[in-house]
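Structure at a glance
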Amino acid sequence: MTLEQRSRELVNSARFFTLASQGADNLPWASTVNYVPLFDPLRLVWYSMRTAKHSRNIHHCAAVSGSLFRYDMQKTSPIGLDGAQFTGIVREIPECECEHIHQSYYHLNFPDELERARWELPLHEFYGDGSRRFYALLINDWWLLDIDTWLKTKEDRRVSVPISQLLESIKEK
């Protein structure tokens, strides 16, 4: 698989990523969040409680980094795993976009209608006085595990994938 194909596979299938943020106290914080990918532009969308530490951190500093990882890739990876790291900017989804994001998030995360009904929270919880917010991370930089180098030298390295190539690959799908 090309770097772009691997990236597309990871973005579309990982479902969880680790979000690294920093608050006003200048201390780092990592949180695991369940996301769905949205495209054009490529962004990762999730929701969290408004009072969560990472949510408060995002209000202080929108620049974040993250990673996603899969260990069950025996069919597509010669080492059975794959992963990516990235940087980007997060924004809270404003009320005027909430309905669209709410529908997209739940339809992508829970394609089965019965399962979606079991998990879907009411829209009003995501704006105004609601306790949750949707967030969108616009990816600026993207790196993959350098599997080719690992196979040759067993050195754990990353290889940069230009975001423009990543976006083109995703659009082609």
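Residues numbered from 1 in each chain as written. Predicted model: local features only at pLDDT ≥ 70, side-chain atom pairs only at ≥ 80, totals over all residues. Heavy atoms only, no water.

Going by an unreviewed UniProt entry, the protein carries the name Pyridoxamine 5'-phosphate oxidase N-terminal domain-containing protein and comes from Xenorhabdus khoisanae.

Concerning the pattern of salt bridges
Oppositely charged side chains can pair when the atoms bearing their charge come close. Taken as a whole and assessed by the stated rule, the structure comprises seven salt bridges. Its salt-bridge partner being R158, residue D156 comes within 2.6 Å of it at the nearest N-O pair. D156 gets classed as exposed once you look at its relative accessible area, which sits at 56%. (Salt bridge = Lys/Arg side-chain N within 4 Å of Asp/Glu carboxyl O. Buried < 20%, exposed > 50% of the residue type's maximum accessible area, 1.4 Å probe, protein only.)

Focus: the packing of aromatic side chains
A full pass over the atoms with the stated rule returns 14 aromatic pairs. An angle of 85° between the planes, with centres 5.4 Å apart, marks the rings of F17 and W46 as edge-to-face. A residue pair is termed long-range when its members are at least 10 positions apart, and F17 in strand 1 (residues 16-22) and W46 in strand 4 (residues 43-49) qualify at 29 residues. Grouping residues by exposure puts F17 and W46 together as buried. Both rings, one in F126 and one in F134, keep their centres 4.2 Å apart while their planes meet at 20°; by these two values the pair is stacked. For the pair formed by F126 and F134, the shared burial category is buried. An aromatic cluster is built from Y47, Y105, Y106, F110, W119, F126 and F134, whose rings are joined through pairwise contacts. (Phe/Tyr/Trp six-rings, centres within 6.5 Å; stacked < 30°, edge-to-face > 60°. Helix = DSSP H or I, 4+ residues; strand = E, 2+ residues; numbered from the N terminus.)

Details of the pairing of strand 2 (residues 28-34)
The pairing of strand 1 with strand 2 spans seven bridges and is classified as antiparallel. In the strand pairing of strand 2, F16 is matched with N34. The antiparallel pairing of strand 1 with strand 2 creates a hairpin that spans five residues between the two strands, and N26 there sits at a positive phi of about 65°. (Pairing = 2+ DSSP bridges.)

Observations regarding the nonpolar core
F17, L44, W46, L68, F86, L137 and W142 are the most contacted members of the largest nonpolar core, which has 23 residues in total. Those elements that place two or more of their residues in this core are helix 1 (3-13), strand 1, strand 4, strand 5 (63-70), strand 6 (82-92) and strand 7 (132-145). Ranked by residue count, the leading element in this core is strand 7, at five residues. Ignoring sequence-local partners within four residues, the contact set of F17 consists of S31, T32, V33, Y35, L44, W46, S67, L68, F86 and L137. Counting residues in each nonpolar core, the second largest holds 13 residues, with V36, I101, Y105 and F126 among its members. (Core = buried A, V, L, I, M, F, W, Y, C linked by side-chain atoms within 4.5 Å. Contact = heavy atoms within 4.5 Å.)

Structural notes on helix 3 (residues 95-109)
For helix 3, spanning 15 residues, the distance from its first C-alpha to its last is 21 Å, which sits close to the expected 21 Å at 1.5 Å a residue. For helix 3, the set of buried residues is C98, I101, H102, S104, Y105, Y106 and N109. Packing partners of the buried residues in helix 3 comprise strand 2, strand 3 (36-38), strand 4, helix 4 (113-119) and strand 7. (Expected span 1.5 Å × (residues − 1).)

Re the side chain of N34
Inspection of the secondary structure assignment puts N34 in strand 2. Looking at N34, its side chain comes within polar contact range of the main-chain oxygen of R15, at 2.9 Å. Side chain to side chain, N34 and N109 meet in a polar contact 2.4 Å long. (Polar contact = N/O pair within 3.5 Å; in protein donor to acceptor, adjacent residues only side chain to side chain.)

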